[in-house]
There are 4 protein chains.
Amino acid sequence: MSGSTFGKNFKITTWGESHGVGVGVVIDGCPAGLPLTEDEIQTWLDRRKPGQSRFSTPRKEDDKVSIQSGVFEGRTTGTPISLVVYNKNQRSADYSEIASYYRPGHADYTFDQKYGFRDYRGGGRSSARETVGRVAAGAVAAKLLERLGIRFLTYVKSIGPVAIDPARFDAAEICKNPLCMPDAQAAADAQSYLQTCMQSGNSSGGIIEGIITGVPAGIGEPVFGKLDSELARAIFSIGAVKGFEIGDGFEAARATGLSNNDAFYYDETGKLCKKTNHAGGILGGISDGDDIIYRAAFKPTPSISAKQDTVTKNGENISVCVKGRHDPVIVPRAVVVVEAMSALTLADAVLENMAAQADIVAHFYQHL
Amino acid sequence: MSGSTFGKNFKITTWGESHGVGVGVVIDGCPAGLPLTEDEIQTWLDRRKPGQSRFSTPRKEDDKVSIQSGVFEGRTTGTPISLVVYNKNQRSADYSEIASYYRPGHADYTFDQKYGFRDYRGGGRSSARETVGRVAAGAVAAKLLERLGIRFLTYVKSIGPVAIDPARFDAAEICKNPLCMPDAQAAADAQSYLQTCMQSGNSSGGIIEGIITGVPAGIGEPVFGKLDSELARAIFSIGAVKGFEIGDGFEAARATGLSNNDAFYYDETGKLCKKTNHAGGILGGISDGDDIIYRAAFKPTPSISAKQDTVTKNGENISVCVKGRHDPVIVPRAVVVVEAMSALTLADAVLENMAAQADIVAHFYQHL
Amino acid sequence: MSGSTFGKNFKITTWGESHGVGVGVVIDGCPAGLPLTEDEIQTWLDRRKPGQSRFSTPRKEDDKVSIQSGVFEGRTTGTPISLVVYNKNQRSADYSEIASYYRPGHADYTFDQKYGFRDYRGGGRSSARETVGRVAAGAVAAKLLERLGIRFLTYVKSIGPVAIDPARFDAAEICKNPLCMPDAQAAADAQSYLQTCMQSGNSSGGIIEGIITGVPAGIGEPVFGKLDSELARAIFSIGAVKGFEIGDGFEAARATGLSNNDAFYYDETGKLCKKTNHAGGILGGISDGDDIIYRAAFKPTPSISAKQDTVTKNGENISVCVKGRHDPVIVPRAVVVVEAMSALTLADAVLENMAAQADIVAHFYQHL
Amino acid sequence: MSGSTFGKNFKITTWGESHGVGVGVVIDGCPAGLPLTEDEIQTWLDRRKPGQSRFSTPRKEDDKVSIQSGVFEGRTTGTPISLVVYNKNQRSADYSEIASYYRPGHADYTFDQKYGFRDYRGGGRSSARETVGRVAAGAVAAKLLERLGIRFLTYVKSIGPVAIDPARFDAAEICKNPLCMPDAQAAADAQSYLQTCMQSGNSSGGIIEGIITGVPAGIGEPVFGKLDSELARAIFSIGAVKGFEIGDGFEAARATGLSNNDAFYYDETGKLCKKTNHAGGILGGISDGDDIIYRAAFKPTPSISAKQDTVTKNGENISVCVKGRHDPVIVPRAVVVVEAMSALTLADAVLENMAAQADIVAHFYQHL
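This report concerns the structure included in the present document. Every chain begins its residue count from 1, and numbering advances along the sequence as written. Chain A is the first chain written and ligand 1 is the first ligand written, with later ones labelled in order. Selection of residues for local features in this predicted model requires a pLDDT of at least 70, selection of side-chain atom pairs for listing and counting requires 80 or more, and totals for whole chains, interfaces and linings are taken over all residues. Hydrogens are left out, water is left out, and the side-chain values use all remaining heavy atoms of the structure.

Side note on the relation of the copies chain D and chain C
A least-squares fit on C-alpha atoms brings the copies together, and the residues used are those whose pLDDT is at least 70 in both copies. Superposing chain D onto chain C takes a rotation of 180° combined with a translation of 0.0 Å along the rotation axis, leaving an RMSD of 0.0 Å. With respect to symmetry, the two chain copies, as superposed, fit the operation of a two-fold axis. Within chain D, D:Arg233 has its C-alpha nearest the rotation axis, a separation of 2.3 Å. Here 100% of the interface residues in chain D have copies in chain C that are interface residues too; the copies meet face to matching face. The contact criterion used is simple: two residues touch if any of their non-hydrogen atoms lie within 4.5 Å.

If you want it as structure tokens, here you go:
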């Protein structure tokens, strides 16, 4: 019943529906003394804002964040940080029709089954608008992690059948094209592909890849709190995600031990390194100091204007063309959501790890 | 620091190391009145027992489970169920050597980084032996779910490059071959492949697929408690898992909305059905009543006898051949672990869902 | 770090400071379909509103609650209910002085020690204003419990040395006097006593008593989730509470087994009853079907205008008269806070109990 | 359903029934590298052992603890520590009779109501024997805290009407008399009183007081994670506790702000001190560096041989004399249980506090 909280130490609780008063998040457990402004959070929210290209919903929203608590004189106080973004551009009338039937690929039917009824306006709580709170909180988590040298690079790896070419990888390109791909050629091809999809009222899926750098070795808790397990859970909690893999992922299933094991060595400075990174930076659920690399598969946007078969609540088989303002592909806008969930996962794990050794705990309190 | 607990309602805490006194689990939150015997749990443990074919470690273990609490006169009492399996066949001498160096692909290095030292005997807590507690608890969860009509079919889909042919799928075959594959031909081919791996002191990865049937619609909590998110986390907490997908998974990223959406319809009896099941039985994080289908990618066993480069704790670059009794492929023995984690996830979600509607809560208490 | 969440099933997270934008709460886990209006919540908030008598701070606040999510067409949807009350009557200037010194009996010093600095305006997060979120959430919990027949009667039992006389107990009197005492004579005496306190710039403590009726037998979880343990925690989380007892409480320590045991009997209708209720309605941490009776001791308001010795942050010993608008006694306004925390505790426990028996779980799912 | 886990960071899960195989605890989250032996834990268990004087049950038990995991080469490894004590001296036959009726003051009736049936042998899970796991875990927590300079002094303050005289307080006396009272005269008087109770087949309640020294300022989380709230919950989770208070406790309700506030001052060394300690070492839920002082009220042992009225499960009103081997007073044996729960609460809070400040988190990771 209570699934809107994420994290144990850096804990967030999101709230809000697509067409309600607004959407928001309460962050509980952010350490005190972190400089924080609304502008810093806004930068993250702007990355997920709709209406920035012809490949996202024309629904325009300012999505201006407001800090309602937990920050005093420009710094976090250690108490809950409440962030809110008010809804502005609701056109609920667009959605009244869907009260009566179940859109394929959406949660309309399952919400009704679970709760007995649902807020059908724009998908209610199951709308992608729910991710606003995640992104706002993720900005704060990333700010904290930045001080520890942990950074995030996240981008679109493929859209439909069009994937980036590793040989052309260019991180600077990510923010230059509307599809957030680090390969200008792939981005151009993907735009052509999407154009075709849109002409037939269709949509496309895609894959997002993330690289987390600067994570010290030792983060993650053995058994059920493994860092990859927490990351999998975090990313899989984003609507539309259907697959998650770390390092070589599904390829590793086809590999042998000899090809998949990453050999350790000490470099000339005496630093322990790995010759390869098939593991994706995590061994036994604990970070090994190398880059953490992961991928998430997103299904195509289920809201399409092409005609589909479905049912009404009242027992009829019907055909529908889903109205409303939709994204032909959600993947580029989801990049910042994936990055936010990664940051939240890392922030939680980093705080958890502080008490791993008795000597360090003792040292901490002796030097208070 | 405290990662050995899984679940919120049907909550388990595992303990134990590969070469300590034993391994065990405490289940807290199992409803009262469930008939339960040691034999029922033993059946599950026997499925993960090593030494049953030439493709698993020759380390022989009886792995006899003992119920230490929570069951009275053959039924669960609602209080914690403590289950223990004592270790019998430890040959710690095999492992004393690995105290000094870090095995590639293992958690030796990361445990040292996190905790300052480690129980190096047989991998200690990061040994696959840790899964004994999961399997024992999973047996209890499955027993509970069986009464609700929820059942599990889990098998090996591929080993290295050898995958089953869906056209030859035969569930009855799963328990007939040592690789737990539902396709006799693929099982034979995979055995040949493994034989080759073993000859060169190498190992193989593979993919496990699971189908959960009989799950009523409505299970799973929106946002961060989505059923697929919890399942991803559960499966990803198993050592060696590098990828997880549900329904069409990574294939969905290449699909279009029109091909990926599952059309609803009412059948002749008036039952709501889906024409396809690309979603894998979950929509918006909530079960839709259809079969839940998922896959997990396992990396190759990292313990191989072929020579590898690595380092000592003390700064030397060395080459090693890892000794000990290892599985050339862990995947067949992991089938029951995956099934156990699925059962634990479902049991937790099923109990969570009971209070989703105020009318049902009121009805429950009015009829006590 | 993350102490602003209460409850496991009916889970609330409060946020906000005395002189920030506002105070609020997010309720996650309220069952769907519960009719709920802002007016119903407002009724509860009005009971804690300051400025209603000469015995509470003259700081005037409208404290109008706004539902921001989780309610659709007048009913809860099962998703998070976000409630906010904006701050209106802040006079932060009153408090700038206290930035430099530590008020005796307040959390100024301990917040500085924990967090390195603090939002000093009006006590920031440690202000009694923090309880607005609790009361708003408590109103929703009570609404849910009302449908199960569970009701709350909460009142002031004593103020300073003036206690109610059980022989004069009159529940109807509670809302008739400004001190919420069920005894008009005691209320008059207490007012005289408070008048004396106020004349010397002093304040008074007091005791609140609560009676919860209609709780079915079986609520509460053995060992660490005992209903009395959860209630103790809930009530003790209210600032200024220094003692909590249930049933005969501290008196039971002076009693004998023979006098303290409550004899069971079947009445003429065959209903199991207790001849006495020394236990206060809870046996072994589980409700026994009888009234739950408890008491909470509140210390005197620490903010007093009489001169006190204290220290500055910078090492000086000083004397101060704390300025600002304070309550000479917080106890009457705390009545609704205590009731809210009781309701939240019960709501959480009632939902938790639904899955106690395997037969009931099975029955629930067979009749979906 | 799942109430047998306590703590968030230093997390324990207890299991076991009075007449089952044994009782135990799994500690998850104990920092690595803490030296730990079975003997150290045994010292604590020996303090709660029955049969040490004529004032406790003659049931003799060795209660030898065995470490089953989590300790390697004499130090904790950071993984779960499983501790078990096997039951030896069960005489279940003594209890078969109570299967049919409900003992007054016990949880027989409430367990039946909650779970549908119960393990009636010796009270099953609701037996005081359940506290073995708490005490064993408490020993580990105290060992960790000892390194931080945190120490516990716990004793019996009163038995029935006989209380210690503060003027005669002598800590060295606590372990010299069978009642654990720091006042030889009071101990003698209490023994006489108990003798009288026993002659009439009766029992007595009492009060335990605890003092925690060396707690640094800053421990405890505002709002719902207040240190006093967590302590109240911990102590109230011990069976038979009916009241808890901190500092002046219920006396504070009769006090005025002027008499109850503790004035701050800097002593000659520049250390911040309090002139008094009415608060009991906690302000706003956070430790203030002073001694933490609290009291717990225990009801009389409900098992008495004197005749009492009660009922059978089958609808009869009967009279019974409860057989078995019982303590005429549980309070002296509960001293170590109270101390254990205090240590567990503090250990959890101390670890939680480590990430309170962003600068400290950053410093921690920069110096790994």
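Remarks on the pairing of strand E2 (residues 11-16) of chain C
Residues and elements named next belong to chain C. With 6 of its 6 residues buried, E2 lies for the most part within the structure. Residues Lys-11, Thr-13 and Trp-15 of E2 are buried on one face, and the alternating residues Ile-12, Thr-14 and Gly-16, pointing to the opposite face, are buried as well. In this scheme, strands are said to pair when DSSP sees at least two bridges between them. Put simply, DSSP marks the helices as runs of H or I at least four residues long and the strands as runs of E at least two long, and each gets a number from the N terminus on. The sheet contact formed by strand E1 (residues 5-6) and E2 spans 2 bridges and is antiparallel. Residue Thr-5 lies in a different strand from E2, and its bridge partner there is Thr-13. Connecting E1 to the next strand, E2, in antiparallel fashion are 4 residues, including Gly-7 with a positive phi near 95°. Strand direction decides the pairing type here: E2 and strand E3 (residues 22-28), joined by 6 bridges, are antiparallel. Looking at the pairing, Trp-15 lines up with Gly-24 of E3. Two successive antiparallel strands, E2 and E3, enclose a turn made up of 5 residues. With a 1.4 Å probe rolled over the protein chains alone, any residue whose accessible area is under 20% of its type maximum counts as buried; one over 50% counts as exposed, and the rest are partly exposed.

Structural notes on the interface of chain D and chain C
The partner chain C presents 111 residues to the 111 residues of chain D that form the contact. In total, about 8,400 Å² of surface goes out of reach between chain D and chain C, with carbon and sulfur atoms giving 60% of it. By definition here, a salt bridge exists when the distance from a side-chain nitrogen of Lys or Arg to a carboxyl oxygen of Asp or Glu is within 4 Å. Viewed at the interface, chain C and chain D are joined by 6 salt bridges. D:Lys114 is the partner of C:Glu221 in a salt bridge, and the nearest nitrogen-oxygen pair spans 3.0 Å. Contacts described as polar in this section are N or O atom pairs within 3.5 Å, which, within protein, must combine one atom able to donate a hydrogen with one able to accept it, while residues neighboring in sequence count only if both atoms come from side chains. Linking chain D to chain C there are 52 residue pairs in polar contact (both at pLDDT 80 or more). Split into classes, the residues belonging to the side of chain D that touches chain C amount to 47 nonpolar, 40 polar and 24 charged. Examined bridge by bridge, strand E12 (residues 241-246) of chain C and strand E12 (residues 241-246) of chain D share 3 bridges and lie antiparallel to one another. Residue C:Gly243 lies in a different strand from E12(D), and its bridge partner there is D:Glu245. When two components associate, each loses some accessible surface as probed by a 1.4 Å sphere; the sum of these losses over both components is called the buried area. Amino acids outside the nonpolar list (Ala, Val, Leu, Ile, Met, Phe, Trp, Tyr, Cys, Pro) and the charged list (Asp, Glu, Lys, Arg) are all regarded as polar, and Gly is one of them.

Looking at the relation of the copies chain A and chain B
The two copies are related by a screw operation: chain A maps onto chain B through 180° of rotation and 0.0 Å of translation along the axis, at an RMSD of 0.0 Å. Comparing interface residues between copies, 100% of those in chain A also sit at the interface in chain B, which points to an isologous, same-surface contact.

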